[in-house]
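What follows is the residue order along each chain.
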Amino acid sequence: MSAMDVPEDRPQGLAQEQQREQQEQERAARAARGTANPTLTWVTLALMTTASVASLRAAPTMAVYGLACVFLYIVPAIVFLLPTSLVSAELASGWSGGVYRWVSEGLSKPLGFLAVWCQFAMTIFYYPSLLAFVASTIAYIIDPALAANGLYTAIVIMILYWTGVWVSSRGTGTLAGLSSWGLIIGTLVPGTLLVVLGLVFLGQGNPSAAPMDAANLLPQWAGLASLVLIVNNFLSYSGMEMNAVHVSSLKDPPREFPKTMFLAMGLVLLIFILPALAISWVVPADQLSLTAGVMQAFDAFFSYFHIGWLTPVAAVALIAASLGGMLAWLAGPSKGLLLISREEGYLPPFLQRLNQHGIQQNILVTQGVVTTAIALMYAFIPNVSSVYWIFSVITTQVYLIVYLLMFVAAVRLRRTQPDHPRGFRAPALPLLCGVGLLASLAALAIGFVPPSQFGGGSVWVYVGIVGGGLVILGLVIPVAFLVFRRPSWRRTAPDTDADTDAGEGRSAP
């Protein structure tokens, strides 16, 4: 080798060395998180993300508006789903660790903890509502009268949640398979069947129950109520960024995670829009049940085509989808909360312990205690629906804080770390973040508008309850963790429940 060759070879050798060091750091990071080997494909992660967002449960709500449901889904998709998906794709392709890493790098570590806490806290009331739908669907198979039985609903909620905790405790591989297959069997297949039956139904010359002409492309404007309707659909897309915490489980995160988000985004739109249209074709709006509308449509189509025996099969499929969605939500937020708590000591040691599969079982169990209490309230407290609605609004408001922080952090990271390696760069990032930020603020403000479920109660009482809940759940509790945390709560090395217990002189369970 001549002397003149050295200057040319040195940068190449240095680049290779830096690449090797980066790969070692990535392997070490995955090992610290219990994912030393890639465990997910990008398609599997896209299905997990879709399962955590999309569902046929919301289809009857939009089917009431017929062809206008396309507008009601497309507008929120443009101003909320698109910014959320593209921005989170850039952030995840540049910074592993989910929303905590994004916000802590862009803003500060305490705000990062606030973001991941709000992401986790939102699920507190998500599980009971989701599992209550499952209970009513099961009742549709066994005895429809059970759907109105509070004790039955509470028992089903508790059994299914604790079963989900057990499944989640077996590890990410089991969880990914079940949630992905739950999406395929319980959402994609029934949704496709519903749309195909609808198209055949119309193709045979049957009239649509809802008008399908251009005059019905836009919903009738009814002032604030119309605005509430559009903004509420923003929240249908929440959760697209949640499974970014699993990005380190991909083989090539910078390249694969953006593909994951785009595939999930397309699937979510198709799942929301097409089944809603199919339902509107066969079930008149004045006869449509917002809770059992999907089964009404299947019933009508199956009866028309003389295949009524498929009705229970469709119900079982819908149950599978809901349970798959629950498993996806169990995996994401709690894992994100665990990872940053072990690194920074935000939670007490009891909540940081892992089982032998490296799963945050104690966090899931603690959350299960709260879920059980809510289920018992659902069973034994009369007229709990209005109170439950308020709690659901509070947790939704709390979740919007995640998006506010995420959009601000993304803009700041572009400004402060423009040269940081990113596998994907969102086009027109400041514009995307500005639109997403305004959409999130609009949704946050609309949450303080009393819904019909509140009845004739005082507006100021409603605003006080929602505002107070938002402050307590979204500010007081996370600030308390930050104030009372101790240096000894940090876990600098990965361990399991057995390791932790052994270190503390206890026997492993």
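Sequence order sets the numbering: in each chain, residues are counted from 1 along the sequence as written. Local features in this predicted model are restricted to residues of pLDDT 70 or higher, and side-chain atom pairs are both shown and tallied only at a pLDDT of 80 or more, whereas totals for entire chains, interfaces and linings draw on every residue. Side-chain descriptors were evaluated using all non-hydrogen atoms of the structure, hydrogens and water having been removed beforehand.

Novice: Explain the overall build of the protein to me, please; I cannot follow it from the model alone.
Specialist: Of the regular secondary structure elements, the protein holds 19 helices and 0 strands. Burial here depends on accessible area, computed with a 1.4 Å probe over protein chains only, as a share of the maximum for the residue type. Under 20% is buried, over 50% is exposed, and the range in between is partly exposed. Looking at the protein residue by residue over its 509 residues, the buried ones come to 51%. Note on contacts: a residue pair is in contact if any heavy atoms of the two residues lie within 4.5 Å. Look at the contacts in the protein between residues 6 or more apart in sequence, and 81% of them connect residues 24 or more apart. Using a 1.4 Å probe, the Shrake-Rupley method yields the accessible areas, and only the shown protein chains count as cover for residues. For the protein, the accessible area works out to roughly 22,200 Å², and carbon and sulfur atoms hold 66% of it. For helices the rule is a DSSP run of H or I covering at least 4 residues; for strands it is a run of E covering at least 2, with both sets numbered from the N terminus onward.

Novice: Explanation requested: the packing of aromatic side chains in the structure shown.
Specialist: How two aromatic rings sit relative to each other is given by the distance of their centres and the angle of their planes. A pair of Phe, Tyr and Trp rings is counted when the ring centres sit within 6.5 Å of each other, with Trp represented by its six-membered ring. The angle between the planes then sorts it: under 30 degrees is stacked, over 60 is edge-to-face, the rest tilted. Per the counting criterion, the structure on display carries 15 aromatic pairs. Relative to Phe301, the ring of Phe201 has its centre 5.7 Å away and its plane inclined at 70°; by these criteria the two rings are edge-to-face. Of this pair, Phe201 sits in helix H9 (residues 172–203) while Phe301 is found in helix H12 (residues 293–304), placing the two residues 100 residues apart along the sequence. Here Phe201 matches Phe301 in class, with each residue buried. By way of ring pairs, the aromatic residues Tyr100, Phe113, Trp117, Phe120, Tyr346 and Phe481 are connected into one cluster.

Novice: Could you clarify how one ought to interpret the nonpolar core in this entry?
Specialist: Soluble globular proteins: nonpolar side chains tend toward being buried together. What is meant by a nonpolar core is a set of buried Ala, Val, Leu, Ile, Met, Phe, Trp, Tyr and Cys residues, joined one to another through side-chain atoms within 4.5 Å. In this structure, Val87, Leu91, Phe113, Trp117, Tyr237, Met240 and Ile279 are the most contacted members of the largest nonpolar core, which totals 110 residues. Of all the elements, helix H16 (residues 385–416) adds the most residues to this core, at 16 residues. Of all hydrophobic cores here, the second largest spans 25 residues; its members include Tyr126, Ala154, Leu160 and Ala379.

Novice: Would you take a moment to explain the packing of helix H6 (residues 109–121) against helix H18 (residues 459–484) for this structure?
Specialist: Geometry of a packed helix pair, given as the angle between the helix axes and the separation of the axes. The angle between two axes is taken between their N-to-C directions and runs from 0 to 180 degrees, where each axis is a line fitted to C-alpha atoms and a helix contributes only its stretch in contact. At a minimum axis distance of 10 Å, the contact between H6 and H18 shows a crossing angle of 125°. Regarding the angle of H6 to H18, the classification is oblique. Of the two possible hands of crossing, H6 and H18 adopt the one that is right-handed. Every residue of H18 that contacts H6 at Pro110, Phe113, Leu114, Trp117, Cys118 and Ala121 is listed here: Leu473, Gly474, Ile477, Pro478, Phe481 and Leu482. Note that Gly is not counted as nonpolar here; it falls among the polar residues with everything else outside the nonpolar set of Ala, Val, Leu, Ile, Met, Phe, Trp, Tyr, Cys and Pro and the charged set of Asp, Glu, Lys and Arg. In the contact of H6 with H18, the residues fall into 11 nonpolar, 1 polar and no charged. For classification purposes, an angle smaller than 35 degrees is called roughly parallel, one larger than 145 roughly antiparallel, one from 65 to 115 roughly perpendicular, and anything else oblique. Each crossing gets its hand from how the near helix is turned against the far one by less than a right angle, where anticlockwise is left-handed and clockwise is right-handed.

Novice: I tried to follow the packing of helix H4 (residues 69–94) against helix H17 (residues 429–446) on my own but got confused; where do I start?
Specialist: At a minimum axis distance of 9 Å, the contact between H4 and H17 shows a crossing angle of 130°. The angle between the axes of H4 and H17 places the two elements in the oblique class. You can see that H4 and H17 cross each other, and the crossing is left-handed. Note on element contacts: H17 touches H4 through Leu429, Leu432, Cys433, Val435, Gly436, Ala439 and Ser440, opposite Val79, Phe80, Pro83, Leu86, Val87 and Glu90.

Novice: Is there a simple way to think about the pattern of salt bridges in this case?
Specialist: A side chain of one charge can pair with a side chain of the opposite charge if their charged atoms are brought near each other. What makes a salt bridge here is a side-chain nitrogen of Lys or Arg within 4 Å of a carboxyl oxygen of Asp or Glu, nothing more. Overall, the coordinates contain 4 salt bridges when judged by the stated rule. Between Glu105 and Arg101 there is a salt bridge whose closest N-O contact spans 3.0 Å. Here the residue Glu105 and the residue Arg101 both occupy positions in helix H5 (residues 99–106), the gap between them amounting to 4 residues, near one helical turn. Judged by its relative accessible area of 29%, Glu105 is partly exposed. Between Glu344 and Lys109 there is a salt bridge, and its shortest N-O distance comes to 2.9 Å. Residue Glu344 is found in helix H13 (residues 311–344), and its partner Lys109 is found in helix H6; the two are separated by 235 residues along the sequence. Relative accessible area serves as the criterion here: at 11%, Glu344 is assigned to the buried category. The partly exposed category is assigned to Lys109, whose relative accessible area is 42%. Beyond isolated ion pairs, a larger network of salt bridges with shared partners links Glu90, Arg414 and Arg422.

Novice: I keep staring at H18 and nothing clicks. Help me out?
Specialist: Residues spaced three or four apart along an α-helix point in a common direction, a consequence of the helix completing one turn every 3.6 residues. The terminal C-alpha atoms of H18, which comprises 26 residues, lie 36 Å apart, in line with the 38 Å expected from a rise of 1.5 Å per residue. The sharpest bend along H18 comes to roughly 35°, located at Ile472. Three or more residues of H18 are buried, namely Tyr462, Val466, Gly467, Gly469, Leu470, Leu473, Gly474, Pro478 and Phe481. Every helix has an expected span of 1.5 Å times one less than the residues it contains. The bend at a residue is defined as the angle formed between two axes, one fitted to the seven residues ending at that residue and one fitted to the seven starting there.

Novice: Help me out: how do you make sense of unusual backbone geometry in this one?
Specialist: Among all residues save glycine, negative phi is the norm, and among peptide bonds the norm is trans. One non-glycine residue with positive phi stands out, namely His306, at about 60°. Relative to the helices and strands, His306 is located in the loop between H12 and H13. Note on His306: relative accessible area 71%, which makes it exposed. Notably, Ala428 is not glycine yet its phi reads approximately 50°, a positive angle. Within the secondary structure, Ala428 sits in the loop between H16 and H17. Judged by its relative accessible area of 49%, Ala428 falls in the partly exposed class.

Novice: I tried to follow the confidence of the model for the protein on my own but got confused; where do I start?
Specialist: Low-pLDDT stretches of the model should not have their predicted coordinates read in fine detail. Note: pLDDT gives the predictor's confidence per residue, expressed from 0 to 100. Residues with a pLDDT of 70 or more make up 76% of the protein, whose mean pLDDT is 76. In the model of the protein, helix H19 (residues 497–503) stands out as the element of lowest mean pLDDT, 39, in contrast to H17, which has the highest, 90. Across residues 1–36, confidence stays below pLDDT 50; counting only partners more than four residues off in sequence or on other chains, it has 14 contacts. Residue range residues 493–509 is modelled with pLDDT below 50. Its contacts to residues more than four positions away, or to other chains, number 27 contacts.

Novice: Would you explain the environment of Ala92 in this entry?
Specialist: Turning to its location among the elements, Ala92 is positioned in helix H4. Taking C-alpha positions, Ala92 is 8.4 Å from Arg422, a pair spaced 330 residues apart along the chain.

Novice: Help me understand the side chain of Ser88, please; the structure alone is not making it clear to me.
Specialist: Positionally, Ser88 belongs in helix H4. Judged by relative accessible area, which is 0%, Ser88 ranks as buried. What qualifies as a polar contact is a pair of N or O atoms within 3.5 Å, subject to a donor-acceptor requirement within protein and to the restriction that residues adjacent in sequence count only when both atoms come from side chains. From its side chain, Ser88 meets the backbone oxygen of Ser85 in a polar contact 3.1 Å long. When sequence neighbours within four positions are dropped, the list of residues in contact with Ser88 reads Pro83, Trp102, Glu241, Phe257, Met261 and Met406.

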